[in-house]
Amino acid sequence: MGKRVVLLIGTNKGVFQYTSNEERKEWKLSGPFLPGWEAYSVLGDSRNGNLIYAGTSHAAYGASIRVSDDMGESWRQIENGPSYSPESGFALNRIWQLVPGPASEPDTLYAGAEEAGLFVSYDRGENWRELKGLTSHPTRPNWFPGAGGMCLHTIIIDPGNKQRMWVAMSAVGVFRSEDGGETWKACNRGLSRVPTGQPEDEVGYCIHKMVIDPNDSNTLYMQEHGGVFKSSDGGDSWFPIEEGLTLKGDDAPFGFPISVSPTGDLFLVPLESSEQRSMKGGKMLVYSMRPGESRWEPIGDVMPDEERHVSVLRDAMTVDSLDPYGLYFGTTSGEVYYSLDRGVTWDRLPGQFSRILTVKPWIIEE
Amino acid sequence: MRIQVSVPLLLSDSTKGRTKFELEAETLREALERLVEEYPLLKVHLYTEQGDVRKHVLLYYNEDNIAWLEKLDIPLAEGDKLRVLQAVSGG
């Protein structure tokens, strides 16, 4: 039995798909699928056949979830998708994240939304309900949108305890649930608060992306608006891990994505600053921190011969689950790069897209 | 009364793949109601959670934006048009 490797690319003008084999040397590009729709989230799901889910949205026409059962050739819009009640006063503007439920629940999916909220489906994405314990949290009146919108962009389920999960939201912070998403606790102690203009100090933390250590469910890492942080106690407290990241003046290390490999390698793509939000000097450098080390190193110069004054968005860097693992990222100018040697050397995949919003690997057993 | 309805191509996966189709209704209000009854996927794209027409969506009855109309209980005539348009706000 072999493996097919698929890389799903969500852009602000549709979804694209690269396909390869385990070698990941030759890639076939297909798409655009769902042209004209922005896709902030994509998910390839092999738990019940091979389904592709896309969280689609449009500035005029709102957000919904679409699904394909033929590798993107045709799509069906979900009728009972995530939605807020009229009484809530909230608007569903985008679907920022689609993740599979715990391993023991092959029909479960979670969706993270803008305005920030969490939705669950127990029937392969056909019917969704809001987990209202999050949006009825006492701090909710003090949640305030950042520049990217008030989005719930990260959903992590503890691989060892399906009742325990974390969500992260821009300009709001991290919340943890111990009861499958019914009730939530803010977990932001030690993070850098951003000026949202709101008085509540339990929230107001601008998480850009958060990942969980593959070997320890109490260890989390995040790229935050105000730095890079680690928690060793499941999010109860956070401390900075910034050694080796070059700082300019008082600027905190700024960037959007953070990724972790199945072997525990961490990756960042630092940007110049919050104001500039592009590669420092046009140098596209990937930084890594290896397991057991405490210092970030610039391990990969992706385009040594050319300047690239671009950015990588929070959900646009990812790692696949193969050995050796593949590391991938897409830029705001629509290029996709990948490395098969822990981020040291890089190749560019063929094709040029518009702004890349999300990149997700999908390994299909054949 | 049979009227002509058109929607943007982008929304045609909410209307069985069609951008032009007919609808039976006696009044404009009924036509608007029947549009989302017959094509429920369309509702989320045209209206907010609170039931208002989305900010950048225009619903035109013949040459009139329905937002300009004082009432929606307007008797329809054969061949009237109901158009879903995206507001052009620059670019």
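These numbers come from a predicted model, not from an experiment. (Residues numbered from 1 in each chain as written. Chains lettered and ligands numbered in written order. Predicted model: local features only at pLDDT ≥ 70, side-chain atom pairs only at ≥ 80, totals over all residues. Heavy atoms only, no water.)

A. Summary view of the overall build of chain A. Check the secondary structure of chain A and you find 1 helix and 28 strands. Projecting the C-alpha coordinates of chain A onto the three principal axes gives extents of approximately 55 × 50 × 40 Å. Within chain A, the proportion of its 366 residues that are buried is 59%. When contacts within chain A are restricted to residue pairs at least 6 apart in sequence, those whose partners lie at least 24 apart make up 51%. (Helix = DSSP H or I, 4+ residues; strand = E, 2+ residues; numbered from the N terminus. Buried < 20%, exposed > 50% of the residue type's maximum accessible area, 1.4 Å probe, protein only. Contact = heavy atoms within 4.5 Å.)

B. The overall build of chain B, seen in detail. Each helix and strand counted, chain B has 2 helices and 5 strands in total. Along chain B, from the amino end to the carboxyl end, the secondary structure elements read β-β-α-α-β-β-β. Its C-alpha atoms give chain B a radius of gyration of 12 Å, within 12% of the compact-globule value 12 Å for 91 residues. On the principal axes, the C-alpha backbone points of chain B span a range of 35 × 30 × 25 Å. Looking at chain B residue by residue over its 91 residues, the buried ones come to 41%. For chain B, the share of sequence-separated contacts (at least 6 apart) that also reach a separation of at least 24 residues comes to 51%. About 5200 Å² of surface is accessible on chain B, with carbon and sulfur atoms providing 51% of the total. Positive and negative side-chain charges of chain B, numbering 12 and 16 respectively, have mean locations separated by a distance of 5 Å. (Rg over C-alpha atoms; globule rule 2.2 N^0.38 Å. Areas by Shrake-Rupley, 256 points an atom, 1.4 Å probe, with all protein chains shown as cover. Lys, Arg positive; Asp, Glu negative; His and termini not counted. Charge placed at Lys NZ, Arg CZ, Asp CG, Glu CD.)

C. Region of the structure containing unusual backbone geometry. A cis amide bond links Gly31(A) to the next residue, Pro32(A), at an omega of 5 degrees. With an omega dihedral of 0 degrees, the bond running from Asp323(A) to Pro324(A) counts as a cis peptide bond. The phi torsion at Ala171(A) lies on the positive side, around 65 degrees, for a residue other than glycine. Overall, the relative accessible area of 4% leaves Ala171(A) in the buried class. For Asn62(B), which is not glycine, the phi dihedral falls at a positive 50 degrees. Looking at the element boundaries, Asn62(B) is found in the loop between β3 (57-61) and β4 (64-65).

D. The state of the cysteines, seen in detail. Residues and elements named next belong to chain A. Applying the stated criterion across every chain yields a total of 0 disulfides over all chains. The thiol of Cys151 is unpaired, and the distance to the nearest cysteine sulfur, on Cys206, comes to 8.0 Å. Assessed through its relative accessible area of 0%, Cys151 is described here as buried. (Disulfide = S-S within 2.5 Å.)

E. Representation of the sheet that holds strand β24 (residues 317-319) of chain A within the structure. Residues and elements named next belong to chain A. Read from one edge to the other, the open sheet built from 4 strands follows the order β24-β25-β26-β27, with strand pairing classed as antiparallel. Because the sheet does not close on itself, it has two edges, and the strands there are β24 and β27 (347-348). Summarising the sheet, β24 and strand β25 (residues 327-330) pair through 3 bridges and their orientation is antiparallel. The residue of β25 that forms the bridge with Thr318 is Tyr328. (Pairing = 2+ DSSP bridges.)

F. Expanded view of the side chain of Arg24(A). Residue and element names in this part refer to chain A. Along the chain, Arg24 turns up in the loop between β2 (14-21) and β3 (28-33). Side-chain polar atoms of Arg24 contact the side chain of Asp320, separated by 3.0 Å. The contact partners of Arg24, leaving out residues within four places of it in the chain, are Val5, Asp320, Leu322, Pro324, Tyr325, Gly326, Tyr328, Tyr338 and Leu340. (Polar contact = N/O pair within 3.5 Å; in protein donor to acceptor, adjacent residues only side chain to side chain.)

G. Up close: the interface of chain A and chain B. Between chain A and chain B, the residue contacts involve 21 residues of the former and 16 residues of the latter. Summed over both sides, the interface of chain A with chain B buries roughly 1500 Å², with 53% coming from carbon and sulfur. Broken down residue by residue, the surface that chain A buries against chain B is led by Ala60(A), Tyr61(A) and Gln77(A), which jointly contribute 45%. Inspection of the chain A/chain B interface yields 1 salt bridge. Counting across the interface, chain A meets chain B through 8 residue pairs in polar contact (both at pLDDT 80 or more). (Buried area = accessible area lost by both parts, 1.4 Å probe. Salt bridge = Lys/Arg side-chain N within 4 Å of Asp/Glu carboxyl O.)

H. Fine view of the sheet that holds strand β18 (residues 227-231) of chain A. All names here are of chain A. Pairing within the open sheet is antiparallel, and its 4 strands lie in the order β16-β17-β18-β19. Here the strands that pair on one side only, and so sit at the sheet edges, are β16 (207-213) and β19 (239-240). Two strands pair when backbone bridges link them, and β16 and strand β17 (residues 216-224) are joined in this way by 6 bridges, in the antiparallel orientation. Of the residues in β17, the one forming a bridge with Asp213 is Asp216.

I. Summary view of helix α1 (residues 28-38) of chain B. Residues and elements named next belong to chain B. Of the positions making up α1, those classed as buried are Leu28, Ala31, Leu32, Leu35 and Val36. For α1, the angular spread of the buried residues around the axis is 125 degrees, confining them to a single face. In this fold, the buried residues of α1 make contact with β1 (2-6), β2 (20-24), α2 (43-46), β3 and β5 (81-86). (Arc of directions from axis to C-beta.)

J. Just the packing of aromatic side chains, in detail. All names here are of chain A. As enumerated under the stated definition, the model contains 18 aromatic pairs over all chains in all. Ring geometry for Phe254 and Phe256: centres 5.3 Å apart, planes at 85 degrees, overall edge-to-face. In this pair, the class of Phe254 matches that of Phe256, namely buried. Here the aromatic residues Phe16, Tyr18, Trp27, Tyr328, Tyr338 and Phe353 are joined through ring pairs into a cluster of three or more. One cation-aromatic arrangement involves Arg66 over Trp37; the distance from NZ or CZ to the ring centre is 4.2 Å. (Phe/Tyr/Trp six-rings, centres within 6.5 Å; stacked < 30°, edge-to-face > 60°. Lys NZ or Arg CZ within 6 Å of the ring centre and 35° of its normal.)

K. View of the pattern of salt bridges. Residues and elements named next belong to chain A. If you walk through the whole model with that rule in mind, you get 32 salt bridges over all chains. Between Asp236 and Arg176 there is a salt bridge; the shortest N-O distance is 3.0 Å. Linking Asp236 in the loop between β18 and β19 with Arg176 in strand β14 (residues 173-177), this pair joins segments that are 60 residues apart in sequence. Arg176 gets classed as buried once you look at its relative accessible area, which sits at 9%. Salt-bridge contacts for Asp315 lead to Lys360; the nearest nitrogen and oxygen are separated by 3.2 Å. Taken together, the positions of Asp315 in the loop between β23 (297-301) and β24 and Lys360 in strand β28 (residues 356-365) put the pair 45 residues apart, joining distant regions of the chain. Ionic contacts of the salt-bridge type, sharing partners, join the residues Asp158, Arg164, Arg176, Glu178, Lys185 and Asp236 into one network.

These figures capture arrangement, not role.
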